[in-house]
Each structure stands twice: as structure tokens, then as C-alpha cells.
Amino acid sequence: MIEKLPTNYYDAAFGQMRIESNHWTLEQSAVLGDHCVPIYVDFEQGQIGELSSLQREAIRQALALPSDVLSITAPLVLQNYNVYREMIGDEEMPQLANPIQVWDEVTFSYIYVPPHVEYNLHIPTFKLIAECDWEPEHGLEVRFCNGIADDADQIGETGR
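Let us look at the structure shown here. (Residues numbered from 1 in each chain as written. Predicted model: local features only at pLDDT ≥ 70, side-chain atom pairs only at ≥ 80, totals over all residues. Heavy atoms only, no water.)

## A short note on the side chain of histidine 23
Topologically, histidine 23 is positioned in strand β3 (residues 23–32). What makes histidine 23 buried here is its relative accessible area of 17%. At 2.8 Å, the side chain of histidine 23 and the side chain of aspartate 42 are in polar contact. Residue contacts for histidine 23: discarding those within four places in its chain leaves Arg18, Tyr40, Val41, Asp42 and Tyr112. (Helix = DSSP H or I, 4+ residues; strand = E, 2+ residues; numbered from the N terminus. Buried < 20%, exposed > 50% of the residue type's maximum accessible area, 1.4 Å probe, protein only. Polar contact = N/O pair within 3.5 Å; in protein donor to acceptor, adjacent residues only side chain to side chain. Contact = heavy atoms within 4.5 Å.)

Structure (C-alpha cells):
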């Protein structure tokens, strides 16, 4: 008889999780400005319920992002926007008068908390994954380490 894998998991600290898009999705969401953003987690070693202490801290940090997180991270994301703006030419992408305007060009998808042991991460790390108007093919990834955004690039390229 084939054993059916569970589709739900309850974590004492973070509550209900469900399998969605090949990731475990927390019932709780992170809040970015006016947006609720789902949090996806991959358990350590693929074992249901296995969250390292660093993963747990990364989830706590994602859930506790400050209300001004978009203002704080806007310069980092604007830097990525401007790199693409220079590559394709000024007429294609407007100059933004205020760094916070960069978020008008972004659609949030989810926050991803990777398996820290498997990825050899030594500090709590999560990534904001989003679609953006300036790089529709590859999207935007903003990496947070210890709750602070420290890199923004196309998806799969932060920290390289």
C-alpha cells in the first residue's frame, strides 16, 4: 500500500502549515506595507517538521518586519532598478523621484525560508521573491540576513 504524504503540519511556534507549490506555506503571512505576503518554508533534509533554529529565527524575523520595511529596503531595490535602467536606456524606464516609488513597479509573490543546513547558511536568512516591471523574465529577489535586506538581484542570483 502506498503511504500518502501529509498535506498539513502543525508547528507549535508558527501554527498550521500546508503543502503548496512544492513548499510548505505558513498560515501566517508577513506584512509588507499594505500587502500580506505568504511565507514558504522548505524543511531541513526534506523531513516534515524539521526546522533548524536558524530557520525558526528567520521565520520570526519575516513575521516581525517593521512597518517601514519598504522605506528601509527601497534604496537597495532602487539600485537594482537603476542597473537595469542603465542597461536598457533611460527612455524605457522612468527616473524615480523618490526611492519608495520603486515598489510601485513590484508585485510581491512570497517570502522563502530555505533549509539552512542544506544551503550552509550560518545566519537567519530569508528571501522576498517578487515580480518586477524592469525584469519580467527573471523577477526580483531581495535577501534578508538577520532581518536586514542586504542584496537585491534577479531570482537565484543574490549572494553570489
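## Here we look at the nonpolar core
Val102, Trp103, Phe108, Ile111, Leu128, Trp134 and Leu140 are the most contacted members of the largest nonpolar core, which totals 40 residues. Take this core: its biggest share by element is 8 residues, from helix α2 (residues 69–88). (Core = buried A, V, L, I, M, F, W, Y, C linked by side-chain atoms within 4.5 Å.)

## With respect to the packing of aromatic side chains
Tallied over the full model, the rule gives 6 aromatic pairs. Within the aromatic cluster, the residues linked to one another by ring pairs are Tyr9, Trp24 and Phe43. (Phe/Tyr/Trp six-rings, centres within 6.5 Å; stacked < 30°, edge-to-face > 60°.)

## Side note on the layout of surface pockets
In this approach the atoms are scanned with a rolling probe the size of a water molecule, which exposes any empty space left behind. Here the largest pocket defines a volume of roughly 150 Å³. Leu5, Pro6, Ile19, Asn22, Trp24, Asp42, Phe43, Gly46 and Ile48 together form the lining of the largest pocket. Taken together, the residues of the lining of the largest pocket sort by class into 6 nonpolar, 2 polar and 1 charged. (1 Å grid on protein atoms, 1.4 Å probe; cavity = no way out; pocket = protein on both sides within 12 Å on 5 of 7 lines; lining within 4 Å. Points joined across faces, edges and corners; volume = space filled by probe spheres on them. Nonpolar A, V, L, I, M, F, W, Y, C, P; charged D, E, K, R; others polar.)

## Structural notes on the pattern of salt bridges
Counted according to the given criterion, the structure contains 5 salt bridges. Of the charged contacts, one joins arginine 18 and glutamate 20 as a salt bridge, the two residues approaching to 3.0 Å between their closest N and O atoms. A relative accessible area of 35% places arginine 18 in the partly exposed class. Taking the relative accessible area as the measure of exposure, glutamate 20 reaches 26% and is therefore partly exposed. In this structure, aspartate 150 engages arginine 143 in a salt bridge whose closest nitrogen and oxygen atoms are separated by 2.9 Å. Accessibility expressed as a relative area gives 37% for aspartate 150, which makes it partly exposed. (Salt bridge = Lys/Arg side-chain N within 4 Å of Asp/Glu carboxyl O.)

## Concerning the pairing of strand β8 (residues 148–153)
As judged from the 5 bridges shared by strand β7 (residues 140–145) and β8, these two strands associate in the antiparallel manner. Note that in β8 the partner of valine 142 across the bridge is alanine 152. Adjacent in sequence and paired antiparallel, β7 and β8 are bridged by 2 residues, among which asparagine 146 carries a positive phi angle near 55°. (Pairing = 2+ DSSP bridges.)

## Focus on the environment of aspartate 34
Topologically, aspartate 34 is positioned in the loop between β3 and β4 (35–41). C-alpha of aspartate 34 to C-alpha of lysine 4: the two residues are 30 residues apart in sequence and 38 Å apart in space.

## With respect to the side chain of glutamine 61
Relative to the helices and strands, glutamine 61 resides in helix α1 (residues 53–63). Of the residues examined, glutamine 61 reaches a relative accessible area of 14% and is grouped as buried. With near-sequence residues (within four places) excluded, glutamine 61 lies in contact with Pro124, Phe126, Asn146 and Gly147.

## Side note on the environment of isoleucine 48
When you line up the elements, isoleucine 48 lands in the loop between β4 and α1. Classification of isoleucine 48 by relative accessible area gives partly exposed; the value is 35%. C-alpha of isoleucine 48 to C-alpha of tryptophan 24: the two residues are 24 residues apart in sequence and 9.0 Å apart in space. Residues within four places of isoleucine 48 in sequence aside, it is in contact with Pro6, Tyr9, Trp24 and Phe43.

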